[in-house]
Structures are given as C-alpha cells and as structure tokens.
Amino acid sequence: MQGIIINNISNQYIVETKKALIKCNARGKLKQEEIIPVVGDKVEIEIIDEQKNEGAINKIYPRTNYSKRPKIANLTQLLFVLSAKDPKPDLLMLDKQLALADFYKIKATIILNKIDLAEVEQIKEIYEKIGYTVILTNAKNLEGINQVKQALQGNISAFAGNSGVGKSTLLNAIFEKEITKQGEISSKNKKGKNTTTNVALYKINENTYVADTPGFSTFEISEIPKEELYKHFIEFKQYEKDCKFVGCTHIKEEDCGIKNALETGKINECRYNNYVQIYKQIKEMEERKW
Ligand SMILES: Nc1nc2c(ncn2[C@@H]2O[C@H](COP(=O)(O)OP(=O)(O)OP(=O)(O)O)[C@@H](O)[C@H]2O)c(=O)[nH]1
Ligand SMILES: [Mg+2]
Ligand SMILES: [Zn+2]
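Residues numbered from 1 in each chain as written. Chains lettered and ligands numbered in written order. Predicted model: local features only at pLDDT ≥ 70, side-chain atom pairs only at ≥ 80, totals over all residues. Heavy atoms only, no water.

(A) Structural context of the coordination of the zinc ion (ligand 3). Only Cys-243 (SG), Cys-248 (SG), His-250 (ND1) and Cys-256 (SG) from the protein coordinate the zinc ion (ligand 3), and they sit 2.1 to 2.4 Å from it. The site at the zinc ion (ligand 3) holds four donor atoms, and with the angles between them running 101 to 116°, its shape is tetrahedral. Read in sequence order, the donor residues coordinating the zinc ion (ligand 3) give the pattern C-x4-C-x1-H-x5-C. With Cys-243 in the loop between strand E13 (208-212) and helix H6 (257-263) and Cys-256 in the loop between E13 and H6, the pair connects residues that are 13 residues apart, well separated along the chain. In this structure, Cys-243 and Cys-256 share a single accessibility class: buried. (Donors = N, O, S within 2.8 Å, 3.2 Å for Na, K, Ca; no water. Tetrahedral: all angles 85-135°; square planar, octahedral: opposite > 155°, others 65-115°. Helix = DSSP H or I, 4+ residues; strand = E, 2+ residues; numbered from the N terminus. Buried < 20%, exposed > 50% of the residue type's maximum accessible area, 1.4 Å probe, protein only.)

Rendered as structure tokens:
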C-alpha cells in the first residue's frame, strides 16, 4: 500500500493512505540503507494490525528534494512569509531563501502578512517586477486568504519565514480553525518565540498539502557555490552575457553587465546589495572549510 508521511514524532510515523491514517515504524532494512524517513516522503507500507491501523514502512520512493532543517521531502512550493511590521521585513533573508528555492528548483511565492500594520506596496512592486507572485494578507481578518488557497492548489507547500511573521496564523486562516499553536509576540523584543516545534503536513484536498514547520532558520546557503549565486537571482541571469570578464563576480569588475543593469535601474539596488552580502557570506563559509 502506498502513502505519504504526514507526521513524525521520534520513531513513529503517521502515513496517510487512500483509506486511512496508519501509525508506522520504519523497517530495520531502511536503517541499514541509512535512509531515515521524513515528513513528505512517499512510502510503501505494510499493514500489521488492521484494527489498530498499525503498519510498517517498507520503502521510500525517490525524493524530488530534501531539506535537512527542518526535515521535509518532496516540497513543490515554498511560501515565504514576511510581516509588514513586528517583526519588520527582512529582505536579506528573503533574497537568500529565494535563491535557495531556485537552486533546489522549488517554486517560490511571497506572502506579505500583517498589512494592517504597515505599508508594503514598495516591496510588492520590487518582487512582482522580477516575476514572483506576491500575495498581501491580513491573516487575522482573512484578507487575501483566498489568493493563498489558490497558490496552494496542487502543491505540497511549506511556509517559511522568521518567527512571529504569522505562518501558523495563516495556516489556521486557511483551515478556518485552530490547527497549530500561535505564539504571542513578546512586547519587549517584538520577535516571535518559535512556537512551532515539529514538522507536519496538513491535507487540503487530493494532491494539496501544506506544512507547518518550525521556520527555516538555519540556512545552508553555502550549498550554492558563490560563482553560481547570480544565476539564482533570477533577474540577474539575463545581463551576464554583457560581462567582459569570464568568471565575473559582478562585484568589483569593470564592464559588468549586472552592474550596468544596476546603474540603469533595471536591477533593484536592494536586491544587488543583498547579492553582494550573500556572496561574501558564502565566500567566508567556503574559506572556513579549509
Ligand atoms: N496585526 C496582525 N497580527 C497578526 C497577523 N497575522 C498574525 N498575527 C499575530 O502575530 C503573532 C505571531 O503569529 P504566529 O502565527 O504565531 O507566527 P509564526 O510565524 O507561526 O511564528 P513561529 O511559530 O514562532 O515561527 C500572533 O500574535 C498573531 O496573532 C496579521 O495579519 N495582523
Ligand atoms: Mg508557528
Ligand atoms: Zn559581471
């Protein structure tokens, strides 16, 4: 029987099949092959106790992608959530995540939440111009939620973003009920409290699932070689052909197609500055490995 892992607490997995939710353990064979099942895995299971809905995972099907932290497989879409205020939009973090999503070939959609608290038109414009879908929401009064639902359709999606931006609140708005705990923003530092601690998939309909995760906070940005970073700033790519030097880093070189595009306003300055900052971070991480 086939199914998808929708929840995992230590060694126990909840597998959703066409018929039921089955509590499963992983077979010893999987451990020998050093594959540890994670949420999102498509698996083959064997029923052990039909009455109790208990079974065992026999096989994990090949993954289209895999994220280490949080552990989740086969995502087709990442929804990057920023809040207009409390916490304020972190565009450096967003640009890092957008580059990573492109690197892993996962569709990226941007949600600007808490639009009741501050203006976000400028951010919306920057990213829509590049080609990203940007959805404005107020998760508390359900504004924009239908657009989020449309974006979810047919995907296995996860919300990502800093603590306190409203990921769990959005999820509850989508399901129109309380399914995950929402954190209180402490008034002292206006940061969230990392309320969500484990990964789980929630089903919306056939082929449509959404994950609540503890926040993709630790980034493996160093997985992208610095020489390739510009390719994952999706609007930069097209100008590289005008660079004079082979292997141009687009930072200090003269006659750089990307810097020219910056000067003529075709590339946004904030995006470019974030590119330079992320490039330097990857470089530092690469050097530390030696
Ligand atoms: N004003 C306003 N507050 C919101 C909105 N959406 C969420 N909040 C509040 O922001 C706080 C944090 O929301 P959560 O949904 O817990 O944030 P989270 O992103 O899940 O945080 P972590 O689980 O810590 O990663 C809560 O107090 C929410 O009620 C919104 O659109 N407007
Ligand atoms: Mg949460
Ligand atoms: Zn260049």
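This is not the end of the story, as more comes after the structure.
(B) The arrangement of unusual backbone geometry in detail. That bond from Asp-86 to Pro-87 is cis: its omega, 0°, falls within 30 degrees of zero. A positive phi angle, close to 60°, is found at Lys-114, a residue other than glycine. Inspection of the secondary structure assignment puts Lys-114 in the loop between strand E9 (107-113) and helix H3 (121-130). When its relative accessible area of 15% is taken as the criterion, Lys-114 is described as buried. We note that Asn-207 has phi near 70°; this positive angle belongs to a residue other than glycine.

(C) Examining the pattern of salt bridges more closely. Evaluated as defined, the whole model comprises twelve salt bridges. The residue Arg-271 makes a salt bridge to Glu-235 at a minimum N-O spacing of 2.7 Å. Separated by 36 residues along the polypeptide, Arg-271 in helix H7 (residues 269-288) and Glu-235 in the loop between E13 and H6 bring together distant segments of the chain. Summarising the burial analysis for this pair, Arg-271 and Glu-235 share the class buried. (Salt bridge = Lys/Arg side-chain N within 4 Å of Asp/Glu carboxyl O.)

(D) Fine view of the pairing of E9. The buried fraction of E9 is high, at six of seven residues. Judged from the seven bridges that link them, strand E8 (residues 77-83) and E9 form a sheet pairing that is parallel. Along E9, the bridge assignment pairs Leu-79 with Thr-109. Once you follow E8 into helix H2 (residues 91-103) and on to E9, the crossover reads as right-handed. (Pairing = 2+ DSSP bridges. Right-handed = clockwise from strand over helix to strand, strands pointing away.)

(E) Geometry of the confidence of the model for the protein. Per-residue confidence for the protein gives a mean pLDDT of 89; residues scoring 70 or more make up 90%. Of the regions scoring below 50 in pLDDT, residues 181-190 engages in 18 contacts with residues more than four places distant in sequence or in other chains. (pLDDT = per-residue confidence, 0-100. Contact = heavy atoms within 4.5 Å.)

(F) Region of interest: empty space enclosed by the protein. Throughout the structure, instances matching the rule amount to one cavity of 30 Å³ or more. In terms of lining, the largest cavity is formed by 14 residues, of which the most central are Val-81, Leu-82, Asp-90, Met-93 and Asn-162. When grouped by side-chain class, the residues that make up the lining of the largest cavity number eight nonpolar, four polar and two charged. (1 Å grid on protein atoms, 1.4 Å probe; cavity = no way out; pocket = protein on both sides within 12 Å on 5 of 7 lines; lining within 4 Å. Points joined across faces, edges and corners; volume = space filled by probe spheres on them. Nonpolar A, V, L, I, M, F, W, Y, C, P; charged D, E, K, R; others polar.)

(G) Inspection of the packing of aromatic side chains at higher detail. Scanning all chains against the criterion turns up seven aromatic pairs. A centroid spacing of 5.0 Å and a plane angle of 40° characterise the contact between Phe-233 and Phe-236, whose relative ring orientation is tilted. Taking the relative accessible area as the measure of exposure, Phe-233 reaches 0% and is therefore buried. Take Phe-236: its relative accessible area is 0%, and that puts it in the buried class. For the pair Phe-233 and Tyr-275, a centre-to-centre distance of 5.5 Å together with 85° between the ring planes defines the contact as edge-to-face. A residue pair is termed long-range when its members are at least 10 positions apart, and Phe-233 in the loop between E13 and H6 and Tyr-275 in helix H7 qualify at 42 residues. The same class applies to Phe-233 as to Tyr-275, namely buried. Here a set of aromatic residues connected by ring pairs shows up, and it is made of Phe-233, Phe-236, Tyr-272, Tyr-275 and Tyr-279. (Phe/Tyr/Trp six-rings, centres within 6.5 Å; stacked < 30°, edge-to-face > 60°.)

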